[in-house]
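# Structure at a glance
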Amino acid sequence: MSDHAHAHAHAHEHAHDHAHDHAHGGLFLESGTESIQRCASCGHTLAALDAAASCPACDGLLDIVHVAPRDVMGAPLHGMALRAHFAQHCCARPLGSPSGVWRFESLVMPGAGSAIVSHPEGNTPLLTRPAIDRFAGIEGLRIKHEGHNPTGSFKDRGMTVGVTQAVRLGASAVACASTGNTSAALASYAAQAGIPGLVFVPAGKIALGKLAQTLGYGARTLIVRGDFDDCLRLVQDAARELGIYLLNSINPWRVEGQKTIVLEMLQQLGWESPDFIVLPAGNLGNTAAFGKALREAHALGLIDRVPRLVAVQAAGSAPFARGYRDGFATRYTVTADTIATAIRIGDPASWDRAVRAIRETNGMVLSCTDDEIIEAKVVIDAAGVGCEPASAASVAGVRQLVRDGVITPGQRVVAVLTGHVLKDPGILVDLHQRADFASANRPIEIDADVRAVARVLEQRSVV
Ligand SMILES: [Zn+2]
């Protein structure tokens, strides 16, 4: 039995068996098992099929480490050859996958094979719109629109991998504590897998509208008598004692899926890195995933140059932006308050991983006010693209960087939109009925007379 196979069988007792796997800067395993889980804090390793939610030794976050990609003959795939491998797996038969996540299987969950639960997802467009360019102050701004995923947000990319892992583990159910995009994605993929999906929410904190998709997809919503901490504790106890697989935001397999936002974007750009990738930042899961994707893509020769990551927070919940300003000397928490609910997070779970992502990419962290975010959202919506409020933080961030002279003419920038415009219909109705809102697009009541229609058209042409 090789060291690696041995470690696979007894991961708990042999934390250091992989210490010699330091080619590619320790980013990949050299041989043996396809993936392991490794504690980011103490280096303790677990087998890929261990269901622990965090490090059993120190409670640190787990990272996934894969064997370096290889061809069918076992030869390492690097640079052009790896690009060709992914191109071959894009849509074409018989090797192809219709999923924008699973075409990158060798960097996400190698060997997932028949366990894969895929909608399919990903393959989201890279858009350009002159109106958004004018607003941001830069030509050719690329918009990576993750709202085009099956449940309307980027969460599907992580959830297809997380629920696939639940199938590999033979989990009795999957669970999360969330009322937003995560629970919608969990519910959809659990339904497809035929595994019960459980969503835990604290009593009194529940807005049913946010759970509408989740209810429709058939997940069981458990309203817990207690606060959010009670809720989290219960989810963890249930995972330990009842064989329920936890798909909360620190689940390392979800991070693997979210990496494909960047991998797919780079592939769409012909593997020529943009100068900047700008994304909304709340819990920092995407910032962490983007950093890991870029680190691996660079180590594997997929890209020659690492783009700068820019994480954009809402000013009312910007602990990470505050940390950035003091060189990440302190891990801050705040009482979060912003209209951008998907990034309304006061104590981001993936802080440490995100710090590494920003440092390694010579990145930046900004904050934008709710007014700036809404201003950007109105432009994105009116361009016919549309997004949920949190998403617009990325475009607001680009505008700020152009104004500050950080982004200069001719530079290539991708802004990520994380969720679909219908994720928050309430804000659309509110905004466009408001008397004090300059860009309000109010319904116009008219007589049933074609002249009245003509008058409306005349007014539009004046505007
Ligand atoms: Zn540990």
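Residues numbered from 1 in each chain as written. Predicted model: local features only at pLDDT ≥ 70, side-chain atom pairs only at ≥ 80, totals over all residues.

Moving on to the sheet that holds strand β2 (residues 35-39). An order of β1-β4-β2-β3 is seen for the 4 strands of this open sheet, with the pairing classed as mixed. The open sheet terminates on both sides in strands that have one partner only, identified here as β1 (28-29) and β3 (45-47). The pairing of β1 with strand β4 (residues 62-67) spans 2 bridges and is classified as parallel. Looking across to β4, one finds that Phe28 is bridged to His66. (Pairing = 2+ DSSP bridges. Helix = DSSP H or I, 4+ residues; strand = E, 2+ residues; numbered from the N terminus.)

As a further point, take the sheet that holds strand β9 (residues 220-224). What the 4 strands build is an open sheet, ordered β9-β8-β7-β10; its pairing is parallel. The sheet is open, and its two edges are formed by β9 and β10 (244-246), each paired on a single side. On average, each strand axis in the sheet is inclined to that of its neighbour by 30°, with strand direction left out of account. Of the strands in this sheet, β7 (173-176) and β8 (197-202) touch helix α6 (residues 181-193), which is tilted by about 160° from β8. (Axes fitted to C-alpha atoms, helices over the stretch in contact; angles between N-to-C directions. Contact = placed C-beta atoms within 7 Å.)

Our next topic: the environment of Gly100. Tracing the backbone through its elements, the reader meets Gly100 in the loop between α2 (79-88) and α3 (105-108). A C-alpha to C-alpha distance of 42 Å links Gly100 and Asp436, two positions 336 residues apart in sequence.

Those residues of helix α12 (residues 351-360) not exposed but buried are Trp351, Arg353, Ala354, Val355, Ala357 and Ile358. Elements in contact with the buried residues of α12: α10 (285-299), β12 (308-314), α11 (319-325) and β13 (364-368). One or two residues past the end of α12 sits Asn362, with phi positive at roughly 50°. (Buried ≥ 20, exposed ≤ 12 C-beta atoms within 10 Å, placed from the backbone.)

Any residue range with low pLDDT should be treated as having predicted coordinates unsuitable for detailed reading. Counting all residues, the mean pLDDT for the protein chain is 91, and 93% of those residues have values of 70 or more. Low confidence marks residues 1-23, where pLDDT is under 50. Its contacts with residues over four positions away, or in another chain, come to 33 contacts. (pLDDT = per-residue confidence, 0-100.)

A few words now on the packing of helix α9 (residues 252-268) against α10. Two elements in contact, α9 and α10, have axes separated by 8 Å at closest approach and are oriented at 60°. Relative to α10, the element α9 is oriented oblique. Like other packed secondary-structure pairs, α9 and α10 cross with a definite hand, here right-handed. Contacts between α9 and α10 involve Val255, Gln258, Lys259, Val262, Leu263 and Leu266 from the former and Gly285, Asn286, Ala288, Ala289, Phe290, Lys292, Ala293, Leu294 and Ala297 from the latter. (Parallel < 35°, antiparallel > 145°, perpendicular 65-115°, else oblique. Left-handed = near helix turned anticlockwise from the far one by under 90°.)

Once that is clear, we can look at the nonpolar core. Nonpolar side chains in soluble globular proteins tend to end up buried together. Among the nonpolar cores identified, the biggest contains 84 residues, and Val278, Ala311, Val312, Phe320, Ala393 and Val398 are the most heavily contacted of them. Looking at this core element by element, the count peaks at 7 residues for α9. Those residues in contact with Ala311 that lie beyond four places of it in its chain are Leu279, Ala281, Thr287, Phe320, Ala354, Ile358, Gly363 and Val365. Formed by 28 residues, the second largest nonpolar core is a distinct cluster that contains Ala171, Ala190, Leu198 and Val201. (Core = buried A, V, L, I, M, F, W, Y, C linked by C-beta atoms within 7 Å.)

Axis angle and axis distance: for two packed helices, these are the angle between their axes and the distance between the axes, and together they describe the pair. Where helix α5 (residues 155-169) contacts α9, the axes come no closer than 7 Å and their chain directions differ by 145°. The way α5 lies across α9 gives a crossing that is right-handed. Contacts between α5 and α9 pair Arg157, Gly158, Met159, Thr160, Val161, Gly162 and Gln165 from the former with Trp253, Arg254, Val255, Glu256, Gly257, Gln258, Thr260 and Ile261 from the latter. Of the residues assigned to the contact of α5 with α9, the class counts are 5 nonpolar, 7 polar and 3 charged. (Nonpolar A, V, L, I, M, F, W, Y, C, P; charged D, E, K, R; others polar.)

The next point concerns unusual backbone geometry. In this chain, His119 is followed by Pro120 through a cis amide linkage whose omega measures 10°. Mapping Pro120 onto the fold places it in the loop between α3 and β5 (126-127). A positive phi angle, close to 70°, is found at Asp59, a residue other than glycine. With 12 C-beta atoms packed within 10 Å, Asp59 lands in the exposed category. For Leu284, which is not glycine, the phi dihedral falls at a positive 75°. Mapped onto the elements, Leu284 comes out in the loop between β11 (276-280) and α10. Note on Leu284: 27 C-beta atoms within 10 Å, which makes it buried.

Once that is clear, we can look at the environment of Leu269. By the element assignment, Leu269 lies in the loop between α9 and β11. Note: C-alpha distance between Leu269 and Arg142 (127 residues apart in sequence) is 10.0 Å.

With respect to the helices, strands and loops of the structure, Thr45 is situated in strand β3. We classify Thr45 as buried; it has 23 C-beta atoms within 10 Å. For the pair Thr45 and Leu62, spaced 17 residues apart in sequence, the C-alpha separation works out to 8.6 Å.

Moving on, we come to the pairing of β4. Bridging between β2 and β4 involves 5 bridges; their strand directions are antiparallel. Residue Arg38 lies in a different strand from β4, and its bridge partner there is Asp63.

Turning to helix α8 (residues 228-242), a few remarks are in order. Every α-helix carries 3.6 residues per turn, so stepping three or four residues along brings you back to the same face. The terminal C-alpha atoms of α8 lie 20 Å apart, and with 15 residues this matches the ideal 21 Å at 1.5 Å per residue to within 8%. Every buried residue of α8 is listed here: Cys231, Val235 and Ala239. One side of α8 carries all its buried residues, which in axial view fall inside an arc of 75°. Residues of α8 that are exposed and angled more than 90 degrees away from the buried face: Asp229, Asp237 and Glu241. On its buried side, α8 packs onto β7, β8, β9 and β10. Positive phi shows up at Gly243, right after α8, with a value of about 70°. (Expected span 1.5 Å × (residues − 1). Arc of directions from axis to C-beta.)

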